[in-house]
Number of protein chains: 2
Amino acid sequence: MFMRFAAALGLLLAMVTPLHAETGYELWLRYRPVEPQYKSQYAVTTLVAGQASPTMDVALSELRRGLSNMLGTVPAPENNVSADGAVVVGTPQSSSVIAALGLPLQQLGGEGYLIRGVTISGHKAIAIAANSDAGVLYGAFAFLRLIQTRQPITALNVISVPKTKIRIIDHWDNANGTIERGYAGQSIWNWRSLPEYLPPRLTDYARADASIGINSAVLNNVSAEAVFLTEPYIEKEAAIASLLRTYGIRTYLSVRWSAPIEIGHLKTADPLDPAVKAWWKTEVDAIYRAIPDFGGFVVKANSEGQPGPGDYHRTHADGANMIADVLAPHHGMIFWRAFVYSDDRKSDRAGQAYKEFVPLDGKFRDNVVIQVKNGPLDFQPREPFSPLFGAMPKTSVMLEMQMTKEYLGQTTHLVYMGPLFEEALKSDTYEHGPGSTIARVTDGSLDHHAFSGLAGVANVGSDQDWSGSIFNQANWYVFGRMAWDVDISARDVAAEWAKQTFVNDPAFVNPVVSMMMGSREAAVNYMTPLGLVLIMSHDDHFGPAPWDEKGDRADWKAPYYHHAAADGIGFDRTATGSNMAAQYNPPLREEFEDATKTPDQYLLFFHHVPWDFKTRSGRSLWDELVTHYRLGVTQVEEMQKAWSSLGAYVDKERFDQVSAFLAIQHREAIWWRDASLAYFQQYSKQPFPAGYAPKYSLSYYEAMPPNTSPDP
Amino acid sequence: MFMRFAAALGLLLAMVTPLHAETGYELWLRYRPVEPQYKSQYAVTTLVAGQASPTMDVALSELRRGLSNMLGTVPAPENNVSADGAVVVGTPQSSSVIAALGLPLQQLGGEGYLIRGVTISGHKAIAIAANSDAGVLYGAFAFLRLIQTRQPITALNVISVPKTKIRIIDHWDNANGTIERGYAGQSIWNWRSLPEYLPPRLTDYARADASIGINSAVLNNVSAEAVFLTEPYIEKEAAIASLLRTYGIRTYLSVRWSAPIEIGHLKTADPLDPAVKAWWKTEVDAIYRAIPDFGGFVVKANSEGQPGPGDYHRTHADGANMIADVLAPHHGMIFWRAFVYSDDRKSDRAGQAYKEFVPLDGKFRDNVVIQVKNGPLDFQPREPFSPLFGAMPKTSVMLEMQMTKEYLGQTTHLVYMGPLFEEALKSDTYEHGPGSTIARVTDGSLDHHAFSGLAGVANVGSDQDWSGSIFNQANWYVFGRMAWDVDISARDVAAEWAKQTFVNDPAFVNPVVSMMMGSREAAVNYMTPLGLVLIMSHDDHFGPAPWDEKGDRADWKAPYYHHAAADGIGFDRTATGSNMAAQYNPPLREEFEDATKTPDQYLLFFHHVPWDFKTRSGRSLWDELVTHYRLGVTQVEEMQKAWSSLGAYVDKERFDQVSAFLAIQHREAIWWRDASLAYFQQYSKQPFPAGYAPKYSLSYYEAMPPNTSPDP
């Protein structure tokens, strides 16, 4: 009967023009029906749950939604296992059935989960167990992921414990609805209609975060506005927090250092002024009255014009500790960003954070975490890791990465960030010899810190597909999965994402994973090969602009970073230059100080070398530069070719979007290649390979209007 | 079989958690299945079409989509009528079946349509016929509307001809994706991913426009950026135009007067400089090469800081005619906005447009239309109509209104603009005695102009529901319907919209239409009763700010408009004041010049009267003001009450949104009432009615942070 019915349903659906085009709104939580051959394997008949709670309710609701849509039948709610095919869900406290199983839950900690095939009253069942309701929710999502990726669920014995305590998504959202460096529409927080209205979209946002283990969210831009600390805004934030809480997510805010002046009407924001501290105490107490599990503050101080304790000749420790003391009674954290650089242009911007923070190691309170971007500059397509990692053993240090592709093609370029995140996490600081990776810094194990965490800057917006493109969704996904497990492989996550987002067929998944895994290197090649950085246009960080001198500050101008001239190209960070390379532990220090030992991928980051410098390939620097730029374009062409053969596996809407965006990426990769080489060639005076002279003049590239790129 | 199948389908759908929540994305084109009792009445079996064309294809596709979803069966495509229940579609040119019917199509003009029950080869059929494919498309949408609103379709004989030639939607969209005065997310034009990518959303946008008869679209903000005239942008605009063209929509651009300087590198934009005219000719020729049916330009010149011919001591006619001459060979139009006011503060801003434009009557080329906002100031909740209407008989004058509720509660307030549009269109200018309404000006009949048109400023954005709220969609809908038929009733359109958007049950439709019809008057009452204008906050035009003196110019400050003082309140526009009332034709002039004859709703617009002035109700002005502000809040409470009883008729998502937004509207109506009265009371020194003293101090209201309002 069911088959006949399903066939009839299929017929009807095929006849009727679909009212719902594929928009990408469902992300990786699509729960499309499994193929007929999987029906028996995934036969779930009942859901056995214990005591209700808001979080348990959403776990059950997700299981019902996922199972009923994938399997075509709704699992019946039962109190006990009375037949094969039960899924038993709960904690030992909430469920007597789970308690009676005597599962080894201690190892799971507060958030881990266990999924195990068990026998109850003689019937086969699957237990999803944890020590907390949030753990059960993570287990429920993991179980649905197994089915979505067509894994066997017989004889399951999955134990998963997050390697970090705080897996935090940073929204750089402003009060006016814009998002700094967001490429997916406007903020999903509609401040004006809060606290009254929590749209369904916010629930779906929380589901997406929870499905990948994100347990913390910063609501507003690190370049913070004081208005977020006013009483009416706290009321709005509390409404969001109460929704997120149900999904195991704690709410945080970015704070503006000068808020005591701007909204407290004090004359100073000096951290050592008792009135300032008293103001913050009143403020923090008010927040905790509204949001009892409030997570804490993120602070971007004395950076890019933001105010900070430096304005009063106080250190970052003075500032962070003052607020930390106010947060501590509430168990609140403070994430103090190390992305600082002053107007002092005598020192190398890449080395400033180290100079400011390393002397403060050991001077921060326990609830202060220094939040460090993966690179010493600013989320470039490729940078060496920040030397602050492995240099502050007495301080909790957390890695911050970008899901949003500020410097990597933004909306349209297909660039999967997994390999970049993996490269950062696997970077060895050598703090205690080999194996002192950033993964071990951010998970706290290297120096035995109780705190551990990973922060990612969101690209979540009001666009129908949340992320501006289907493939951008993968960067949200991989961030969450890597924050949960800092050792997971980017390739495995890519496959997991592709299967859930599209289809499980290996004929689709394999080429797509290859595209994804190669995409970041492609972007490095066509944008900033060989250690080049920050040659994007100053304002929008998008197109090539090695000529751009528009910034107000020397270190906002592109030539500051590449130093291209007749004698060569690159920034000398060795002893003959800024000496920033000396901030790395040995043996990296020696490697980075010697151009012949520095890997080509960091060459121009650390060295100013002549145009005929011989690279490892044997080619001259100029030829190597040309080779990389050409390769980047070729790699995009290969992605286009691969995708063009996959139309049969993807709905038309999403297939067309990806095809069109790859065409844009191709056009813009050519733009990057030709504009960059046209600029550098005026210094190198070297010939272009035959057929590869830029199509337009340098002045044409320089005059491109915003949002446009030349016809290839 | 079908019923059993349908029942089974319903069961499955009920069992499975819906993956698609109601987002409002489908607007009024929802095409939900008709109730069983209508199935036989709407039995359509076949679709008989003639020769294909892009526009005919979308008409047929819309019919297939709508009919199959509403009726559950797909009408079979046939070449001839061979059974009852055929729908025959086409023009006499495209369809021999239509041609053979000998229908009276001449009266339809280029865009009208006819829907008629006919008998063909002995079978009952319905003919949807027109003289153009676009007319057929309008007819197709009208036919689907009949079914969506459960009208009988037997013995149909509908003839509909648009009363205006140009029904134009003005997008105030900027190149960076923001929308000026848009409250529904970002621009739906993604400039960066054009021309490669035309997302499905653009097709749905075009469908929505075409479904209500909109045939023209201005892509960019009237406060225009020159970049829209660059070659790469023309390529992007051409991609949009080719999509819109299929739906019968022509593309227009707003142009920046100084573009010849900014992108043409000329030294001047003087309209009488031959080099300037030559530049515009080259520009216009380039646009027409890319967009052969390009509609023309909208110009906001010498207004709010925009450049214009006045910068060179030339008149609006000098400017408009120069570009008109360049457009004329391409049959392009120029819409020259009359929303101008200079920095000269000696004259009343409300009277400036009249002074600048009336002397130019008769001096404009035939392809110039003066585009005039309904009120002399700026889209207020209520203003008297602009005296330019009925004052330029020798010039084509077009009415411009706002779909976006810039001054009427923006996203959240439920304010149906139908009554405001209707009030404007029915306003009698008395140009040729009674009956010289603005409807007759804008449809060209009053002074026998060949041109006719209606312009509306869009509130269309990237939000899932397009308009920021479900009820805001009604303002898009009513604009289109009124542009097609300037005499249609706002109430009829409200019912039509409510039926299509929600459900046909009169128990739902009647109270909702009542809410909608009363909503604009409620907003006038709680915001700007008795002829008050522009007491919103200067920047965002949202909350009450009669105290706001933040603007750079005198006429951007609220006190300039209300003149509240110890001696009374209101702007004297009679002979003792600015004398702007004299710009109206008799008998209005006499009415507006005498406070005792002026309708209360315009009282303070034309008169400065003492606080104890006796209004028509017999109450003092102060008491009348208080009464109106209180009534506005009560009217919102009545809407809340009405809506709260309608949950059974609406899906949860949309019901909850409207409920939450009404709660916000209520809170903000109280804010408007109390903040405004607290401010005015300091001058009136009159008592508040018992229980109606504002809850907070005036300084508290003045200090509300943006996006917040006080707890009621």
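The paragraphs below set out a description of the structure included in this document.

Cut-off values and rules
- Residues numbered from 1 in each chain as written.
- Chains lettered and ligands numbered in written order.
- Predicted model: local features only at pLDDT ≥ 70, side-chain atom pairs only at ≥ 80, totals over all residues.
- Heavy atoms only, no water.
- Helix = DSSP H or I, 4+ residues; strand = E, 2+ residues; numbered from the N terminus.
- Rg over C-alpha atoms; globule rule 2.2 N^0.38 Å.
- Contact = heavy atoms within 4.5 Å.
- Lys, Arg positive; Asp, Glu negative; His and termini not counted.
- Charge placed at Lys NZ, Arg CZ, Asp CG, Glu CD.
- Phe/Tyr/Trp six-rings, centres within 6.5 Å; stacked < 30°, edge-to-face > 60°.
- Lys NZ or Arg CZ within 6 Å of the ring centre and 35° of its normal.
- Polar contact = N/O pair within 3.5 Å; in protein donor to acceptor, adjacent residues only side chain to side chain.
- Expected span 1.5 Å × (residues − 1).
- Bend = angle between axes of the 7 residues up to and from the residue.
- Buried < 20%, exposed > 50% of the residue type's maximum accessible area, 1.4 Å probe, protein only.
- Salt bridge = Lys/Arg side-chain N within 4 Å of Asp/Glu carboxyl O.
- Pairing = 2+ DSSP bridges.
- Axes fitted to C-alpha atoms, helices over the stretch in contact; angles between N-to-C directions.
- Buried area = accessible area lost by both parts, 1.4 Å probe.

Overview of the overall build of chain A
What chain A contains, in helices and strands, is 21 helices and 14 strands. At 26 Å, chain A has a C-alpha radius of gyration in line with the 27 Å of a compact globule built from 712 residues. Structurally, chain A occupies a C-alpha span of about 80 × 65 × 50 Å along its principal axes. In chain A, the proportion of contacts linking residues at least 24 apart, taken out of those at least 6 apart, comes to 73%. The distance from the centre of the 61 positive side-chain charges to the centre of the 78 negative ones in chain A is 3 Å.

Here we look at the packing of aromatic side chains
All names here are of chain A. Counted under the stated rule, the structure contains 96 aromatic pairs over all chains. Where Trp611 meets Trp622, the ring centres are 6.0 Å apart and the plane angle is 75 degrees; that geometry is what we call edge-to-face. With a gap of 11 residues between them, Trp611 in the loop between helix 18 (603-606) and helix 19 (621-644) and Trp622 in helix 19 connect regions that are remote in the sequence. Counting every residue linked through ring pairs, the aromatic cluster contains Tyr25, Trp28, Trp189, Tyr205, Trp466, Trp476 and Tyr477. Stacked on the ring of Tyr233, the Lys or Arg Lys236 has its end atom at 5.8 Å from the ring centre.

Considering unusual backbone geometry
Residues and elements named next belong to chain B. Omega for the peptide link from Leu194 to Pro195 comes to 5 degrees, which places this bond in the cis form. Mapped onto the secondary structure, Pro195 falls in the loop between strand 7 (166-170) and helix 5 (200-211). In this model, Pro586 is joined to Pro587 through a cis peptide bond whose omega is 5 degrees. Tracing the backbone shows Pro587 in the loop between helix 16 (558-562) and helix 17 (588-593). For Leu27, which is not glycine, the phi torsion reads 55 degrees and is therefore positive. Residue Arg150 is not a glycine yet carries a positive backbone phi of 60 degrees.

Regarding the side chain of Ser469(A)
All names here are of chain A. Of note, Ser469 is situated in the loop between strand 14 (453-457) and helix 13 (473-484). Polar contacts involving the side chain of Ser469 include one to the main-chain amide nitrogen of Asn472, which spans 2.9 Å. Those residues in contact with Ser469 that sit more than four places away from it in its chain are Thr411, Gln657 and Phe661.

Looking at helix 20 (residues 652-684) of chain A
Residue and element names in this part refer to chain A. Compared with an ideal rise of 1.5 Å per residue, which puts 33 residues at 48 Å, helix 20 spans 46 Å between its outermost C-alpha atoms and is within 8% of the ideal. Largest kink in helix 20: about 25 degrees, centred on Ala678. Of all 33 residues that make up helix 20, 25 are buried, and the element is covered over most of its length. Where helix 20 terminates, the next one or two residues include Lys685, which has phi positive at roughly 55 degrees.

Looking at the pattern of salt bridges
Two side chains carrying opposite charge are able to pair once their charged atoms lie near each other. On inspection of all chains with the given rule, the structure shows 69 salt bridges over all chains. In this structure, the salt-bridge partner of Lys163(A) is Asp485(A), at a minimum N-O distance of 2.7 Å. Note that Lys163(A) is positioned in the loop between strand 6 (157-160) and strand 7 (166-170) and Asp485(A) in the loop between helix 13 and helix 14 (490-501), a separation of 322 residues in sequence. Ionic pairing is found between Arg654(B) and Asp651(B), a salt bridge with its closest N-O pair at 2.8 Å. When its relative accessible area of 4% is taken as the criterion, Arg654(B) is described as buried. What makes Asp651(B) buried here is its relative accessible area of 19%. Residues joined by salt bridges that share partners form a network here, namely Lys163(A), Arg440(A), Asp443(A), Asp485(A) and Asp487(A).

Overview of the sheet that holds strand 6 (residues 157-160) of chain B
All names here are of chain B. Taken in spatial order, the six strands line up as 2-1-3-5-4-6 in an open sheet, and their pairing is mixed. Strand pairing shows two members of the sheet lacking a second neighbour, strand 2 (76-78) and strand 6, which therefore form its edges. Neighbour-to-neighbour, the strand axes of this sheet turn through a mean angle of 25 degrees, independent of strand direction. Strand direction decides the pairing type here: strand 3 (residues 86-90) and strand 5 (residues 123-130), joined by five bridges, are parallel. Looking at the pairing, Val88 lines up with Ala127 of strand 5. Contacting strand 3, strand 4 (113-120) and strand 5, helix 4 (residues 133-148) runs over the sheet at an angle of about 75 degrees to strand 4.

What about the interface of chain B and chain A?
Across the contact, 60 residues belong to chain B and 60 residues belong to chain A. Both sides together, the interface formed by chain B and chain A hides about 5100 Å², and carbon and sulfur atoms give 58% of it. One can count four salt bridges joining chain B with chain A. In this structure, Arg192(A) engages Asp540(B) in a salt bridge whose closest nitrogen and oxygen atoms are separated by 3.3 Å. Our count for the chain B to chain A interface comes out at 20 residue pairs in polar contact (both at pLDDT 80 or more). Going through the elements one at a time, helix 1 (2-15), helix 2 (54-71), helix 5, helix 6 (231-246) and helix 20 (652-684) of chain B are the ones with two or more residues in the side of chain B that touches chain A. Counting residues per element, the side of chain B that touches chain A draws most heavily on helix 20 of chain B, which supplies nine residues.

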